[in-house]
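As a plain string of letters, each chain reads:
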Amino acid sequence: MKLRRPTMEDKEAVMEMMAEFEAANSLHDGGFWDADNFDYDSWLTTNLMSEAGLDLPDGWVPAIQLIGFEGGIPVGFLNLRLRLNDYLFNQGGHIGYSVRPSQRGKGVAKEMLQQSIPLASEKNIQPILLTCHEDNPASRAVILANGGVLEDVRDGVERYWIDVEAKNE
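Each chain carries its own residue numbering, running from 1 in the written order of its sequence. Under the rules for a predicted model, residues below a pLDDT of 70 receive no local features and side-chain atom pairs below 80 are neither given nor counted, while totals for whole chains, interfaces and linings still include all residues. The basis for the side-chain values is all heavy atoms of the structure; hydrogens and waters are excluded.

Participant: Hey, could you go over the nonpolar core for me, with residue numbers and the actual values?
Facilitator: Nonpolar cores are built from buried Ala, Val, Leu, Ile, Met, Phe, Trp, Tyr and Cys residues. Side-chain atoms within 4.5 Å join them into one set. Note on classification: 1.4 Å probe, protein chains only; a residue is buried when its accessible area is under 20% of the maximum for its type, exposed when over 50%, partly exposed between these limits. Counting residues in each nonpolar core, the largest one holds 25 residues, and the members touching the most others are Leu 78, Leu 80, Ile 95, Tyr 97, Met 112, Ile 128 and Leu 130. A run of H or I in DSSP becomes a helix once it reaches four residues, and a run of E becomes a strand once it reaches two; helices and strands are each numbered from the N terminus. Breaking this core down by element, the ones donating at least two residues are strand E2 (63-70), strand E3 (73-81), strand E4 (95-99), helix H4 (108-122), strand E5 (128-133), helix H5 (137-145) and strand E7 (157-162). Sort the elements by how many residues they give to this core and H4 lands first, with seven residues. Once residues lying within four places of it in the same chain are set aside, the contact partners of Ile 128 are His 94, Ile 95, Ile 117, Ala 120, Tyr 160, Trp 161, Ile 162 and Val 164. Residues Val 14, Trp 33, Trp 43 and Leu 44 belong to the second largest nonpolar core, which totals 11 residues. Only heavy atoms matter for contacts: two residues are in contact if any of them lie within 4.5 Å across the pair.

Participant: Give me the lowdown on the confidence of the model for the protein chain, citing residues and values where you can.
Facilitator: Taken residue by residue, the protein chain gives an average pLDDT of 93. The fraction at 70 or more is 98%. Averaged over each element, pLDDT in the protein chain is lowest for helix H6 (residues 164-167) (74) and highest for E7 (98). Values of pLDDT, the confidence the predictor places in each residue, fall between 0 and 100.

Participant: Let's hear about the sheet that holds E7: which residues, and what values?
Facilitator: Should DSSP find at least two bridges between two strands, the strands are regarded as paired. Within the open sheet, the three strands sit side by side as E5-E7-E6. Their pairing is antiparallel. Both outer strands of the open sheet, E5 and strand E6 (149-154), are each paired with one neighbouring strand and no more. Strand-to-strand twist across the sheet, computed as the mean angle between neighbouring axes with direction ignored, equals 25°. In the sheet, E5 pairs with E7 via six bridges, with the strands oriented antiparallel. If you follow Thr 131 over to E7, its bridge partner there is Arg 159. To obtain an axis, a line is fitted to C-alpha atoms, over the contacting stretch when the element is a helix, and the angle between two such axes runs from 0 to 180 degrees between their N-to-C directions.

Now the structure itself:
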């Protein structure tokens, strides 16, 4: 699997993945779009602007939008937030991810998170905060498999830290 930024060449495949999320009425943490008013070209531009920290909506932070591809097929979204605000510190963390409904249970999230850790380190994010809801054992397992250490639980949200330096030793 390859985790990378989406491109114009990915449009049809990414739109199909988005449609699968919508048809399943599935949350898409790590991938953000308005299904009722979506334009792929604008979305790519917004992703670039977000990464540069430009024209961010109130309450948002600079972030890198990534997609996991398996054999050219998009299998999930991952959003790397380049800093934390109060909400992200308590509820959302540095990284949000979601796996395409038809690809769940195949280790996709674990691999996407694993591949995002070096990028987070390159962006001077140390340690990395990850969160999951108490009722999400799959996400908990992904975080633990990537070295997450539980700090606490706040309002039903488990907060884990990955120490990048310790992971690289």
